Amino acid sequence: MSDLKKIKEEFLSKLRGNLNLSEINQIKSDLFGKNGLISLQFKKIGTIAEAERKKFASNLNILKVELQELINSKINEIEINEINEKLEKEKIDITLPERSFVRGKIHPVSQTIDEISSIFSEIGFSVEEGPDVENEYNNFTALNTPDNHPARDMHDTFYLDQNKEKLLRTHTSPVQIRTMLKSKPPFKIIAPGRTYRSDSDQTHSPMFHQVEGLHIDKNINMSHLKGCLNYFIKEFFEVDKIKMRFRPSHFPFTEPSAEVDIGYKIKDGKIVIGEGDKWLEILGCGMVHPNVLKNVKVDPEKYQGYAFGIGIDRLAMLKYGINDLRSFFECDYRWLNHFGFDPLDVPTNYRGLSR
Ligand code: DAH
């Protein structure tokens, strides 16, 4: 057998085996290295008789190409296998839910606050915040509710000290004072937040939520208040028509003052907002009292405006058919799972408030 044939048989059978990269590299140098078998054969060409030389050289070239291709394709195969193994090992199956995944829910009160903020922001209100622990001045005195005023008793206040200087705010109205003291008119804000009164039954909780509204500018009158609330109620309950009535009332910080009722009826055991001949009180409002404006150094001859205070929990109960206020604050996970909202569905006016 000729040398070329021997090389061919030996290495073809070697290369057919299961080889790793270093074994292949070894074969490569055995064949094509400086003293490799193929390299030596090339050196031999000059010594071969002329008649044989051409054929020998041609055969040698064919063998060289054949072995090289085989080696290259083996290397390629090994590299691909390595990549695949790595991919397989580092694979994360993103189609499977995380095993300990418990999906949280947005509380109906938080959802309602987000909805309210979204609705008012559409008509130019910005959102303000104030602290839960207030001083007596912001909560009462500055709001035209001096010492011994009967409205103070009605608030069932939680005082935090003997001198009755610090308290848990009984309403969000002190945020009106904080807002007006820290800048200059015009003001157009809402202030949602927690409020506290010593009271507890099916419709009262010692901690509850309100949203305050305040709009102060030149030439603001009661029709602006009415238009604003009408828009809000329609947007909030996602209805085209609303029945609303303003009942004369009294709050020390507004003059005139009103309470607003919305019309509803019960159909198939469910409450339908905007129709029917029953009335439900949902908020207090009025034109900001000149004394309040004076207390925050705003000239009531130049500026006036309206304010309102809405009970948030009540609105949430109405909209989402929840009939016991206390369930809001019991932290029962089953309840939250039922009445809560998907954290990714942020309410916006254009995408829909509550889907
Ligand atoms: N602060 C009042 C309350 O808690 C509600 C209220 C009434 C707020 C009239 C206002 C208003 O801003 O103008 O009972």
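Residues numbered from 1 in each chain as written. Predicted model: local features only at pLDDT ≥ 70, side-chain atom pairs only at ≥ 80, totals over all residues. Heavy atoms only, no water.

Next up on the list: the pattern of salt bridges. Following the criterion strictly, the structure yields 16 salt bridges and no others. Two residues, Asp-132 and Arg-169, come together in a salt bridge whose shortest N-O distance is 3.8 Å. With Asp-132 in the loop between strand 1 (126–127) and strand 2 (133–135) and Arg-169 in the loop between strand 3 (166–168) and helix 8 (174–182), this pair connects stretches of sequence that are 37 residues apart. Residue classification places Asp-132 among the partly exposed positions, given a relative accessible area of 21%. The shortest N-O distance in the salt bridge between Arg-247 and Asp-261 comes to 2.8 Å. One end of the pair, Arg-247, is in strand 6 (residues 244–251); the other, Asp-261, is in strand 7 (residues 254–267), with 14 residues separating them in the sequence. Look at the salt bridges and you will find they share partners, linking Arg-245, Arg-247, Glu-259 and Asp-261 into a network. (Salt bridge = Lys/Arg side-chain N within 4 Å of Asp/Glu carboxyl O. Helix = DSSP H or I, 4+ residues; strand = E, 2+ residues; numbered from the N terminus. Buried < 20%, exposed > 50% of the residue type's maximum accessible area, 1.4 Å probe, protein only.)

The subject of this paragraph is the packing of aromatic side chains. In this structure the tally under the stated criterion is eleven aromatic pairs. When the ring of Phe-120 is compared with that of Phe-125, the centres are 5.2 Å apart and the planes differ by 70°; the resulting orientation is edge-to-face. Classification of Phe-120 as buried rests on a relative accessible area of 0%. Both rings, one in Tyr-320 and one in Phe-341, keep their centres 4.9 Å apart while their planes meet at 65°; by these two values the pair is edge-to-face. Taken together, the residues Tyr-320 in helix 11 (residues 312–320) and Phe-341 in the segment after helix 12 (333–339) connect sequence positions 21 residues apart. Each member of the pair, Tyr-320 as well as Phe-341, is classed as buried. In this arrangement the basic side chain of Lys-319 is found over the ring face of Phe-236, its NZ or CZ atom lying 4.5 Å from the centre. (Phe/Tyr/Trp six-rings, centres within 6.5 Å; stacked < 30°, edge-to-face > 60°. Lys NZ or Arg CZ within 6 Å of the ring centre and 35° of its normal.)

Right, let's talk about the pairing of strand 10 (residues 304–311) for a bit. The sheet contact formed by strand 5 (residues 207–217) and strand 10 spans eight bridges and is antiparallel. Counterpart to Leu-214 in the pairing with strand 10 is Ala-307. Alignment of strand 9 (residues 278–288) against strand 10, held across five bridges, turns out to be antiparallel. The residue bridging Cys-285 from the neighbouring strand is Phe-308, located in strand 10. (Pairing = 2+ DSSP bridges.)

Let us look at the site of the ligand. Surveying the vicinity of the ligand reveals 15 residues, the closest of which are His-171, Ser-173, Arg-197, Gln-210 and Glu-212. In the model, a nitrogen atom of the ligand is placed 3.0 Å from a nitrogen or oxygen of the Ser-173 side chain. Within the backbone of Ala-307, one N or O atom sits 3.1 Å away from an oxygen atom of the ligand. When the ligand is considered free in solution it has 350 Å² of accessible area, and contact with the protein chains removes 92% of it. Elements represented by at least two residues in the shell around the ligand include exactly strand 5, strand 9 and strand 10. (Near = heavy atom within 4 Å. Polar contact = N/O pair within 3.5 Å; in protein donor to acceptor, adjacent residues only side chain to side chain. Areas by Shrake-Rupley, 256 points an atom, 1.4 Å probe, with all protein chains shown as cover.)

Next up on the list: the domain arrangement of the protein chain. Under the domain assignment used here, the protein chain contains domain 1 (3–90) and domain 2 (108–351). Taking only C-alpha atoms into account, the centre of domain 1 sits 86 Å from that of domain 2. (Domains from an automatic or database assignment.)

What follows deals with the state of the cysteines. The full count for this structure, using the stated rule, is zero disulfides. Cysteine Cys-285 is unpaired, with the sulfur of Cys-228 as its nearest cysteine sulfur at 9.7 Å. Since its relative accessible area comes to 2%, Cys-285 is described here as buried. (Disulfide = S-S within 2.5 Å.)

With that settled, consider the nonpolar core. Membership of the largest hydrophobic core comes to 43 residues, with the highest contact counts inside it found for Ile-116, Phe-232, Ile-262 and Phe-308. Examining the composition of this core, we find that seven residues originate from one element, helix 9 (residues 222–237), more than from any other. Setting aside residues up to four positions removed in sequence, Ile-262 forms contacts with Ile-233, Phe-237, Ile-242, Lys-243, Met-244, Ile-273, Lys-278, Trp-279, Leu-280 and Ile-282. (Core = buried A, V, L, I, M, F, W, Y, C linked by side-chain atoms within 4.5 Å. Contact = heavy atoms within 4.5 Å.)

Below, the discussion takes up the pairing of strand 5. The element strand 5 is extensively covered by neighbouring structure, given that nine of its eleven residues are classed as buried. Two strands pair when backbone bridges link them, and strand 4 (residues 187–196) and strand 5 are joined in this way by ten bridges, in the antiparallel orientation. Within strand 5, the position partnered with Gly-193 by the bridge is Gln-210.

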